[in-house]
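Below are the chains, spelled out letter by letter.
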Amino acid sequence: MEIRRNGSRPAAPGPARSFSGSVRREAILDAAQPSRLAAGFVTFEPGARTHWHTHPVGQLLIVTGGCGRVGTCGGPVEEVRAGDTIWFGPGEKHWHGAGPDTGMTHVAVTEAENGSAVDWMEPVTEKEFAGG
Ligand code: MN
């Protein structure tokens, strides 16, 4: 058993190659093998979001604060709020982020396949963020 106390998780900004706007990440877990599990808090300031991306074996999001948006390729933009959970299937192209005027925090839970848990793509445009 390993308890990691609140206050012991260093925060780091989300890199510009993967995120638009102001994003803060705090790792919860990068488990040693044989586990493939990784989890972290991600906080998006208003307007901030991920780039388009996929996860090789899917991703669970648990919205823990605020109100944000999620979108899938060819699908609608959906508003999500604290308490909502979202599952993206393996290889499903998507993005997640804040609302235009509201921040959002989620826990992201992923599993790696061959050492990779995400494949990053192009930024989400303003039109895509707006649902156009
Ligand atoms: Mn994702």
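Everything here concerns the structure above.
Source: prediction; values computed, not measured.

Asks: I tried to follow the overall build of the chain on my own but got confused; where do I start?
Replies: Secondary structure assignment for the chain yields 1 helix and 12 strands. The C-alpha atoms of the chain give a radius of gyration of 14 Å, which matches the 14 Å a tight globule of 132 residues would have. For the C-alpha atoms alone, the extent of the chain along its principal axes is close to 45 × 30 × 25 Å. Relative to its full complement of 132 residues, the chain shows a buried share of 37%. For the chain, the share of sequence-separated contacts (at least 6 apart) that also reach a separation of at least 24 residues comes to 68%.

Asks: Quick question: what am I supposed to make of the packing of aromatic side chains here?
Replies: Centre distance and the angle of the planes are the two values used to describe a pair of aromatic rings. Applying the stated rule across the entire model yields 3 aromatic pairs. Both rings, one in Trp-95 and one in Phe-129, keep their centres 5.7 Å apart while their planes meet at 45°; by these two values the pair is tilted. Linking Trp-95 in strand β10 (residues 94-98) with Phe-129 in helix α1 (residues 126-129), this pair joins segments that are 34 residues apart in sequence. Here Trp-95 and Phe-129 have matching classes, each one buried.

Asks: Please explain the pattern of salt bridges as it appears in this structure.
Replies: Two side chains carrying opposite charge are able to pair once their charged atoms lie near each other. For the coordinates displayed, the defined rule picks out 7 salt bridges. With a closest N to O distance of 3.9 Å, Glu-26 and Arg-9 form a salt bridge. Of this pair, Glu-26 sits in strand β3 (residues 23-30) while Arg-9 is found in the segment before β1 (11-13), placing the two residues 17 residues apart along the sequence. Since its relative accessible area comes to 18%, Glu-26 is described here as buried. Measuring nitrogen to oxygen at the nearest pair gives 3.2 Å for the salt bridge that ties Arg-49 to Glu-126. One end of the pair, Arg-49, is in strand β5 (residues 49-50); the other, Glu-126, is in helix α1, and 77 residues separate them in sequence. Residue Arg-49 is classed as buried on the basis of its relative accessible area of 5%. Overlapping salt bridges bring together Arg-9, Arg-24 and Glu-26 as one network.

Asks: Explanation requested: the environment of Asp-84 in the structure shown.
Replies: In this fold, Asp-84 is placed in the loop between β8 (77-81) and β9 (85-88). Using a relative accessible area of 32% as the deciding quantity, one classes Asp-84 as partly exposed. Sequence spacing of Asp-84 and Leu-61 is 23 residues, and the spatial spacing of their C-alpha atoms is 8.3 Å. Residues contacting Asp-84, with those up to four places away along its chain left out, are Leu-61, Ile-62, Val-63 and Glu-79. Here Arg-81 takes part through its backbone nitrogen, which lies 2.8 Å from a polar atom of the side chain of Asp-84.

Asks: What is the right way to read the layout of surface pockets from this model?
Replies: Sizing a probe to match a water molecule and rolling it over the atoms shows the empty space that remains. Considered as a void within the structure, the largest pocket measures approximately 650 Å³ in volume. Arg-25, Asp-30, Ala-38, Thr-110 and Ala-117 are the residues nearest the centre of the largest pocket, which is lined by 33 residues in total. Those elements that provide at least two residues to the lining of the largest pocket are β3, β4 (37-44) and β11 (104-111). Per element, the largest residue contribution to the lining of the largest pocket is 7 residues, and it comes from β4.

Conventions used here
Residues numbered from 1 in each chain as written. Predicted model: local features only at pLDDT ≥ 70, side-chain atom pairs only at ≥ 80, totals over all residues. Heavy atoms only, no water. Helix = DSSP H or I, 4+ residues; strand = E, 2+ residues; numbered from the N terminus. Rg over C-alpha atoms; globule rule 2.2 N^0.38 Å. Buried < 20%, exposed > 50% of the residue type's maximum accessible area, 1.4 Å probe, protein only. Contact = heavy atoms within 4.5 Å. Phe/Tyr/Trp six-rings, centres within 6.5 Å; stacked < 30°, edge-to-face > 60°. Salt bridge = Lys/Arg side-chain N within 4 Å of Asp/Glu carboxyl O. Polar contact = N/O pair within 3.5 Å; in protein donor to acceptor, adjacent residues only side chain to side chain. 1 Å grid on protein atoms, 1.4 Å probe; cavity = no way out; pocket = protein on both sides within 12 Å on 5 of 7 lines; lining within 4 Å. Points joined across faces, edges and corners; volume = space filled by probe spheres on them.

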